[in-house]
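# Coordinate analysis (summary)
What follows is each chain in one-letter form.
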Amino acid sequence: MSMNHIRPWRNIERRKSRQIMVGKVPVGGDAPIAVQTMTNTDSSDVKATLDQVMAAAEAGADIVRISVPDVAASNALKEITKESPVPIVADIHFHYKRAIEAAEAGAACLRINPGNIGDEKRVKEVIAAARDNGCSIRIGVNAGSLEKHLLEKYGEPCPDAMVESGLEHIKILQDNDFHEFKISVKASDVFMSAAAYQMLADATDAPIHLGITEAGGFVSGTIKSAIGLGQLLWMGIGDTVRVSLSADPVEEVKVGFEILKSLGLRHRGVNIISCPSCARQGFDVIKTVETLEERLAHIHTPMSLSIIGCVVNGPGEALMTDVGFTGGGAGSGMVYLAGKQSHKLSNEAMVEHIVEQVETKAAEIEAAMATEEAAE
């Protein structure tokens, strides 16, 4: 549960789910909501794929998924899983043998789509491979690839059909005494996804992976994901998330974290609170924020920074942030530290000084956390 005793209207009571392991990452239960992404390189190209995995991990990804469409990709996966700093999920479609090969190659989890993996016999073979190699499984239901009998029953993709598909395959896993699984019911339609996930949350205690599939480009996909995933997370539903964007996987990770940070569910890096700017601004807010986002990307310590163009809201926002700067007149503004006025600063020196202040504060927070851990 995300608890805030001072501001109880910020509390989110997370749905109670079983906990499984995806490699070294706990998923479900009281574990932090994991952020995932997926590579878009040729999976048989070990270097290119590993470079993307490393970049995603540096951006904060807890888990990375890699498509395994052929034998060449299966062979490359052996090298990738050895070098990856995060657990690798093997994405499997159509060819159940790829799932078996991926399990043997060191994948931490197998993502299988019930609608296209094959009959129950093939699924059982995949289960055996997962069990033998210590893999978990994600049942990945997708509105665009539902089983024929469900489409005939419901007439079209819909939340009921998606959930029924997922529950049918949960039963197969459970009948084979396999319980290390999570499940997703994705659609590109925000309404369908949200309804399906709410139904699913009531029907199973399995960990749930959230996503709005094929959400679109960076801007449109971010908005659709924020609306769809945000409302579900606010309801306490979701144990892992992936923001599906037609963009660099690193951007997916960043957006995923921003969604979680906005709800107080994960904290990583500097949360910049900034105004949209207007004629009252005492400095170029937009350019300054863009520069600071780039300059502070290396800070992983959870902390807050307010950059406000004028004194209308600046002092009030600064009261609730670790470091703040509020624009004033005559080419200068006010620096706030721990919510209190500290000193005036010229606009010209602002960026460098703020970076120094944030780095100093981050070091103080890390030191305090280390001292606390040592005392426990």
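The present account deals with the structure reproduced in this document. Since we're looking at a predicted model, the values are computed, not measured. Sequence order as written defines the numbering, with residues in each chain counted from 1. It should be noted that, the model being predicted, local features are given only for residues of pLDDT at least 70 and side-chain atom pairs only at 80 or more, the latter also being counted only at that level, while totals for whole chains, interfaces and linings use all residues. Each side-chain value is worked out from all heavy atoms of the structure, with water and hydrogens disregarded.

### Notes on the nonpolar core
Nonpolar cores were defined as sets of buried Ala, Val, Leu, Ile, Met, Phe, Trp, Tyr and Cys residues, with membership established by side-chain atoms within 4.5 Å. Burial classification: accessible surface area is computed with a 1.4 Å probe over protein chains only, and a residue below 20% of its type maximum counts as buried, one above 50% as exposed, and the rest as partly exposed. Leu77, Leu110, Ile137, Met162, Leu210 and Leu233 are the most contacted members of the largest nonpolar core, which has 79 residues in total. When near neighbours in sequence (up to four residues on either side) are disregarded, Leu233 contacts Ile12, Ile33, Leu210, Val241, Ile259, Leu260, Leu263 and Leu265. In this structure, Leu292, Leu345, Ile354 and Val355 belong to the second largest nonpolar core, which totals 22 residues. Whether two residues are in contact is decided by their heavy atoms, any of which lying within 4.5 Å being enough.

### Side note on helix α3 (residues 96-104)
Going along the chain from the N terminus, every DSSP run of H or I of four or more residues is numbered as a helix, and every run of E of two or more is numbered as a strand. Of all the positions in α3, only Tyr96, Arg98, Ala99, Ile100, Ala102 and Ala103 are classed as buried. The inward-facing, buried residues of α3 contact α2 (71-83), β5 (88-92), β6 (109-112) and α4 (120-132). Gly106 lies just past α3 and shows a positive phi near 105°.

### Thoughts on the state of the cysteines
We call a pair of cysteine sulfur atoms a disulfide when they lie within 2.5 Å. One pass over the full model with this rule turns up zero disulfides. The cysteine Cys275 is free of any disulfide, with Cys310 supplying the nearest cysteine sulfur at 6.7 Å. By relative accessible area, Cys275 is classed as partly exposed at 23%. There is no disulfide at Cys278, and the cysteine sulfur nearest it, in Cys310, is 5.5 Å away.

### Description of a negative patch on the surface
Each patch is built from salt-bridge-free residues with over 30% relative accessible area, joining like charges within 9 Å and nonpolar side chains (Val, Leu, Ile, Met, Phe, Trp, Tyr) within 5 Å. To measure how exposed things are, a 1.4 Å probe is used in the Shrake-Rupley method; for residues, cover is taken only from the protein chains shown. What counts as a salt bridge is simple: a side-chain nitrogen of Lys or Arg found within 4 Å of a carboxyl oxygen of Asp or Glu. Under the counting rule used here, the positive set is Lys and Arg, the negative set is Asp and Glu, and His together with the chain ends is not counted. Where a charge lies is defined by one atom per residue type, namely NZ (Lys), CZ (Arg), CG (Asp) and CD (Glu). Taken together, the side chains of Glu366, Glu372, Glu373 and Glu376 define an acidic patch exposed on the protein surface. As for its position among the elements, Glu373 is in helix α12 (residues 350-375).

### Let's talk about the side chain of Arg242
Mapped onto the fold, Arg242 is located in strand β10 (residues 240-242). What qualifies as a polar contact is a pair of N or O atoms within 3.5 Å, subject to a donor-acceptor requirement within protein and to the restriction that residues adjacent in sequence count only when both atoms come from side chains. A polar contact is formed between the side chain of Arg242 and the side chain of Glu252, at a distance of 3.0 Å.

### With respect to the sheet that holds β10
At least two bridges found by DSSP between two strands are what make those strands a pair. A sheet is described by the order of its strands in space; here eight strands give the open sequence β8-β7-β6-β5-β4-β3-β10-β9, paired in parallel fashion. One side of each edge strand has no neighbouring strand; the edge strands of this open sheet are β8 (181-186) and β9 (209-210). For strand β4 (residues 63-67) and β5, the ladder comprises four bridges, and the chain directions are parallel. Across the sheet, the residue bridging to Ile66 is Ala90, located in β5. The axes used here are C-alpha line fits, helices contributing only the stretch in contact, and every angle between their N-to-C directions lies in the interval 0 to 180 degrees. Across the sheet, helix α1 (residues 46-59) is in contact with β3 (34-38), β4 and β5; its angle to β4 comes to roughly 155°. Here helix α9 (residues 249-262) sits on the sheet in contact with β3 and β10, set at roughly 155° to β3.

### Looking at the packing of aromatic side chains
Only rings of Phe, Tyr and Trp enter the pairing, Trp through its six-membered ring, and a pair is recorded when the two centres are within 6.5 Å. The plane angle decides the type: under 30 degrees is stacked, over 60 is edge-to-face, the rest tilted. For the coordinates displayed, the defined rule picks out one aromatic pair. Aromatic pair Phe283 and Phe325: ring centres 5.4 Å apart, planes at 70°, arrangement edge-to-face. Note that Phe283 is positioned in the loop between β11 (270-274) and α10 (285-295) and Phe325 in strand β13 (residues 323-327), a separation of 42 residues in sequence. Across the pair, exposure class does not vary: Phe283 and Phe325 are buried alike. Sitting over the face of the ring of Phe181, Arg18 holds its NZ or CZ atom 4.8 Å from the ring centroid. Consider the ring centre and the ring normal. A charge sits over the ring if Lys NZ or Arg CZ is within 6 Å of that centre and within 35 degrees of that normal. One cation-aromatic arrangement involves Arg268 over Phe257; the distance from NZ or CZ to the ring centre is 5.9 Å.

### Some words on the pattern of salt bridges
Opposite charge on two side chains permits them to pair, given that their charged atoms come into close proximity. In this structure the tally under the stated criterion is 16 salt bridges. For Lys47, the salt bridge is made with Asp51, and the minimal N-O distance between the two is 2.9 Å. Taken together, the residues Lys47 and Asp51, both in helix α1 and four residues apart, mark about one turn of the helix. Here the salt bridges share partners, and the residues they tie into one network are Arg14, Arg15 and Asp239.

### Focus: the pairing of β13
In terms of burial, β13 is a largely internal element, five of the five residues being buried. Side-chain alternation along β13 places Val323, Phe325 and Gly327 on one buried face and Gly324 and Thr326 on a second face that is also buried. With four bridges joining them, strand β12 (residues 303-308) and β13 adopt parallel strand pairing. Directly across from Leu305, in β13, lies its bridge partner Val323. In this antiparallel pair of consecutive strands, β13 and strand β14 (residues 332-337), the connection spans four residues, and Ala330 shows a positive phi of 55°.

### Details of the sheet that holds strand β15 (residues 340-346)
The strand order across the open sheet formed by five strands is β11-β12-β13-β14-β15, and the pairing between neighbours is mixed. In the strand order of this sheet, the two ends are held by β11 and β15, each with one partner. Going from strand to strand, the sheet's axes swing by 20° on average, the running direction of each strand aside. Here β13 pairs with β14 via five bridges, running antiparallel.

### Observations concerning unusual backbone geometry
Notably, Ala330 is not glycine yet its phi reads approximately 55°, a positive angle. Among the secondary structure elements, Ala330 is positioned in the loop between β13 and β14. Residue classification places Ala330 among the exposed residues on the basis of a relative accessible area of 87%. Non-glycine residue Ala338 carries a positive phi angle of around 55°. Overall, the relative accessible area of 56% leaves Ala338 in the exposed class.

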